[in-house]
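Chain by chain, the residues:
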Amino acid sequence: MPEEARQTALSVNQIENSAKIIEAGQKAGAFREGDPKQLSACFWAAVQGVMEDMARDKTLKAPNLEWIVAMLKK
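Residues numbered from 1 in each chain as written. Predicted model: local features only at pLDDT ≥ 70, side-chain atom pairs only at ≥ 80, totals over all residues. Heavy atoms only, no water.

Draft legend 1. How the structure looks around the pattern of salt bridges. If you walk through the whole model with that rule in mind, you get 4 salt bridges. One salt bridge in this structure joins Asp 53 and Arg 56, with 2.3 Å as the shortest N-O distance. A residue pair is termed a helical-turn pair when its members lie 3 or 4 positions apart in one helix, as Asp 53 and Arg 56 do in helix H3 (residues 36-56) at 3 residues. What makes Asp 53 partly exposed here is its relative accessible area of 34%. Taking the relative accessible area as the measure of exposure, Arg 56 reaches 61% and is therefore exposed. (Salt bridge = Lys/Arg side-chain N within 4 Å of Asp/Glu carboxyl O. Helix = DSSP H or I, 4+ residues; strand = E, 2+ residues; numbered from the N terminus. Buried < 20%, exposed > 50% of the residue type's maximum accessible area, 1.4 Å probe, protein only.)

Printed below as a string of structure tokens:
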């Protein structure tokens, strides 16, 4: 990863930012109950895993976004 991209990635706490969105979604009844930070961490771990697999195997296609988002939905 280029150093500039790495620094940008490190400057954003995506798990915390996403946890706030998940918490709001829980209050609105759109997302499942559970610790928002843990749900966020699981979501981003799944995204990272998919990206790593796609980087390793160029024949893989991106999964349907709904499959990943489904882990958050009620």
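Draft legend 2. Quick peek at the packing of aromatic side chains. Overall, the coordinates contain 1 aromatic pair when judged by the stated rule. When the ring of Phe 43 is compared with that of Trp 44, the centres are 5.0 Å apart and the planes differ by 85 degrees; the resulting orientation is edge-to-face. Classification of Trp 44 by relative accessible area gives partly exposed; the value is 29%. (Phe/Tyr/Trp six-rings, centres within 6.5 Å; stacked < 30°, edge-to-face > 60°.)

Draft legend 3. How the structure looks around the side chain of Ser 40. Structurally, Ser 40 is set in helix H3. Accessibility expressed as a relative area gives 0% for Ser 40, which makes it buried. Other than its neighbours up to four places away in sequence, Ser 40 contacts Gln 14, Ile 15, Ser 18, Ala 19 and Ile 22. (Contact = heavy atoms within 4.5 Å.)

Draft legend 4. Structural detail: the nonpolar core. Listed in full, the 8 residues of the largest apolar core are Ile 22, Phe 31, Leu 39, Phe 43, Val 47, Ile 68, Val 69 and Leu 72. Every element with two or more residues in this core is listed here: H3 and helix H4 (65-69). In terms of residue count, H3 provides more of this core than any other element does, 3 residues in total. Contact partners of Phe 31, with chain neighbours within four places excluded, come to Ile 21, Ile 22, Gly 25, Gln 26, Leu 72, Lys 73 and Lys 74. (Core = buried A, V, L, I, M, F, W, Y, C linked by side-chain atoms within 4.5 Å.)

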